[in-house]
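# Topology and contacts: notes
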Amino acid sequence: MVVLTFDEARACVLREVGVSMGTETVVLAEAAGRVLAEEIAADRDYPPFPRSARDGFAVRAADLPGELRVIGEVRAGEVFSGRVEAGEAVEIMTGAPVPDGADAVVMVEHTERTGDRVRIDRSSQSGDNFNPRGIEARARDGVLSAGVRIGHSEVALLATVGHMQVLVYRRPRVAIVSTGDEIVEPGEQPAAHQIRNSNAASLAVQVCRAGGRPEILPVARDTYESTRTLVKQGLDSDLLLLSGGVSAGKYDLVEKVLAEFGAEFYFDRVMIQPGQPLVFGKACGKYFFGLPGNPGSTMITFETIARAAIEKMAGLRVPALPLLRARLTRPFHQKPGLTRFLPAVLSADGATVEPAKSHGSGDVTALARCNAFLVTEPERTEWRLGDDIRVLTK
Ligand code: AMP
Ligand code: MG
């Protein structure tokens, strides 16, 4: 039995899993959310011309303060054909090319125009209020590297440099196998002693968010045959997620069945709560996670540990787990030894956080009502009102 701390378990996944997906080309409109698989270079200098950052007047800084003769105007999308000589200015708009001869732009708010004269009472420095050609990037400079998630600002950059198609990593197919004799499908009417399958539903959402393609398989019953059949089927995908059946119960068969498939187990317990019996390994060349079946355990162990595996496979260079810090509005204490993830409500501005009422990791109503989890350090037992505490958002 390999028992790890939370940090060790996450580090183990990050170390073990590498990029394993091939690549494909998608059009720019479909690139958001995907992981970039190529280096993107600037097609020309950026900005491609000295670009005014303000509405105002293009001047020679050495002429100021003083009164200048306005010799013309240049708007965005135009080029001023003449040259600014000593004592002259050109009226300029944001985004327009700074005319030859000028070396600064003065904001219109700092000028006083009368006919073809403009009075500027303050001095100016060469380079003020415009971006020289090539200051942001030079032609052929790399501007994005492979391994980043494409979001709106990356799409903006790809559009800027004229990349209408982009090479991205393929999304891993992630098999989801729920286990348990008590589990029925959400569309079914359960008997009093049965539970609807919520884990497959939450995992599918989390897998999509991580960049994978969820494939929900039938529920494995708590028998060797049923579990074997579904594990075998699940190992056809790029990664296998199992929920339930990894605790110490008599009918928790997942690890035994995986062992029959020649599994190597990197860990089979993590010092966290919820989710302590979390299992990670490899069988038939595929990684798998055995996620404990309580809905809270499944959600937390996926989010904090298994998600990183999907992200690594899918090419993401730096899988992140950003934790905020917020002020605690209610004290609490805990027994030492475990990193705990406790349902909580984070204020809209992220400043304060309140522990939420929850009746354990099977309490789906509490999980849906909370918008965050408090993250405790394992050795600390007392948390006072106003303490700064780490927070994982949902
Ligand atoms: P297990 O990890 O199999 O011991 O399950 C722990 C608890 O989670 C039990 O109360 C199960 O009924 C519940 N559970 C297991 N799988 C699911 C599932 N797919 N959806 C909802 N609850 C589940
Ligand atoms: Mg079970």
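Here, every reference points to the structure presented above.
What counts and what doesn't
Residues numbered from 1 in each chain as written. Chains lettered and ligands numbered in written order. Predicted model: local features only at pLDDT ≥ 70, side-chain atom pairs only at ≥ 80, totals over all residues. Heavy atoms only, no water. Pairing = 2+ DSSP bridges. Helix = DSSP H or I, 4+ residues; strand = E, 2+ residues; numbered from the N terminus. Axes fitted to C-alpha atoms, helices over the stretch in contact; angles between N-to-C directions. Phe/Tyr/Trp six-rings, centres within 6.5 Å; stacked < 30°, edge-to-face > 60°. Buried < 20%, exposed > 50% of the residue type's maximum accessible area, 1.4 Å probe, protein only. Lys NZ or Arg CZ within 6 Å of the ring centre and 35° of its normal. Parallel < 35°, antiparallel > 145°, perpendicular 65-115°, else oblique. Left-handed = near helix turned anticlockwise from the far one by under 90°. Contact = heavy atoms within 4.5 Å. Nonpolar A, V, L, I, M, F, W, Y, C, P; charged D, E, K, R; others polar. Near = heavy atom within 4 Å. Polar contact = N/O pair within 3.5 Å; in protein donor to acceptor, adjacent residues only side chain to side chain. Areas by Shrake-Rupley, 256 points an atom, 1.4 Å probe, with all protein chains shown as cover. Salt bridge = Lys/Arg side-chain N within 4 Å of Asp/Glu carboxyl O. Expected span 1.5 Å × (residues − 1).

### Examining the sheet that holds strand β6 (residues 66-74)
Paired through backbone hydrogen bonds, the strands of a sheet run either parallel or antiparallel to each other. Here 6 strands make up an open sheet; going across it, the order is β8-β5-β7-β6-β10-β9 and the pairing mixed. At either end of the open sheet lies a strand with only one pairing partner, and these are β8 (104-107) and β9 (112-114). Neighbour to neighbour, the strand axes of the sheet diverge by 35° on average, direction disregarded.

### A closer look at the packing of aromatic side chains
Tallying each qualifying case throughout the model produces 8 aromatic pairs. Residues F267 and F280 carry aromatic rings whose centres are separated by 5.6 Å and whose planes lie at 50° to one another, so their mutual orientation is tilted. Placement of the pair is F267 in strand β19 (residues 264-267) and F280 in strand β22 (residues 279-283), with a sequence separation of 13 residues. Its relative accessible area of 0% is what places F267 among the buried residues. The buried category is assigned to F280, whose relative accessible area is 0%. Residues F332 and W383 carry aromatic rings whose centres are separated by 5.9 Å and whose planes lie at 10° to one another, so their mutual orientation is stacked. Remark: W383 occurs in strand β29 (residues 382-383) and F332 occurs in strand β25 (residues 332-333); sequence separation between them is 51 residues. In this structure, F332 and W383 share a single accessibility class: buried. Joined through ring pairs, the aromatic side chains of Y266, F267, F280, Y287 and F289 make up one cluster. Over the ring of W383 we find R380, and its NZ or CZ is 3.7 Å from the ring centre.

### Details of the packing of helix α3 (residues 199-210) against helix α6 (residues 295-313)
Running from amino to carboxyl end, α3 crosses α6 at an angle of 25°, the nearest separation of the two axes being 10 Å. Taken as axis vectors, α3 and α6 run roughly parallel relative to one another. Both α3 and α6 take part in a crossing whose hand is right-handed. On α6, the residues touching N199, S202, L203, Q206, V207, R209 and A210 of α3 are P295, T298, M299, F302, E303, R307, I310 and E311. Split by residue class, the contact of α3 with α6 holds 7 nonpolar, 4 polar and 4 charged.

### Description of the packing of helix α1 (residues 6-16) against α6
Interhelical geometry of α1 versus α6 gives an angle of 15° and a closest axis separation of 9 Å. It follows that α1 is roughly parallel to α6 by the angle criterion. For the pair α1 and α6, the crossing hand works out as right-handed. Side by side, α1 and α6 meet where F6, A9, R10, V13 and L14 of the first sit next to T304, I305, A308, A309 and K312 of the second. Grouping the amino acids of the contact of α1 with α6 by side-chain chemistry returns 7 nonpolar, 1 polar and 2 charged.

### Focus: the site of ligand 1
The full set close to ligand 1 counts 17 residues, and E182, N197, S198, G245 and G293 are the nearest of them. Separating an oxygen atom of ligand 1 from a backbone N or O atom of G245 is a distance of 2.9 Å. Contact with the protein chains covers 78% of the free accessible surface of ligand 1, which is 490 Å². For the shell around ligand 1, the residue count by class is 4 nonpolar, 11 polar and 2 charged.

### Things to note about the pattern of salt bridges
Tallied over the full model, the rule gives 21 salt bridges. A salt bridge links E85 to R60, with the nearest nitrogen and oxygen atoms 3.8 Å apart. Taken together, the residues span a long stretch of sequence, with E85 in the loop between β6 and β7 (88-92) and R60 in the loop between β5 (56-59) and β6 at a distance of 25 residues. Of the residues examined, E85 reaches a relative accessible area of 39% and is grouped as partly exposed. R117 serves as the salt-bridge partner of E67, at 3.2 Å between the closest nitrogen and oxygen.

### Details of α3
Compared with an ideal rise of 1.5 Å per residue, which puts 12 residues at 16 Å, α3 spans 16 Å between its outermost C-alpha atoms and is within 8% of the ideal. The inward-facing, buried residues of α3 abut β14 (173-178), β17 (213-216), β18 (239-243), β23 (286-291) and α6. At the exit of α3 stands G211, carrying a positive phi of roughly 100°.

### Concerning the pairing of β6
Two strands pair when backbone bridges link them, and β6 and strand β10 (residues 117-120) are joined in this way by 4 bridges, in the antiparallel orientation. Bridge pairing in β10 links R69 to R117. Bridge count between β6 and β7: 4 bridges; the pairing is parallel. Note on β7: the bridge partner recorded for R69 is E88.

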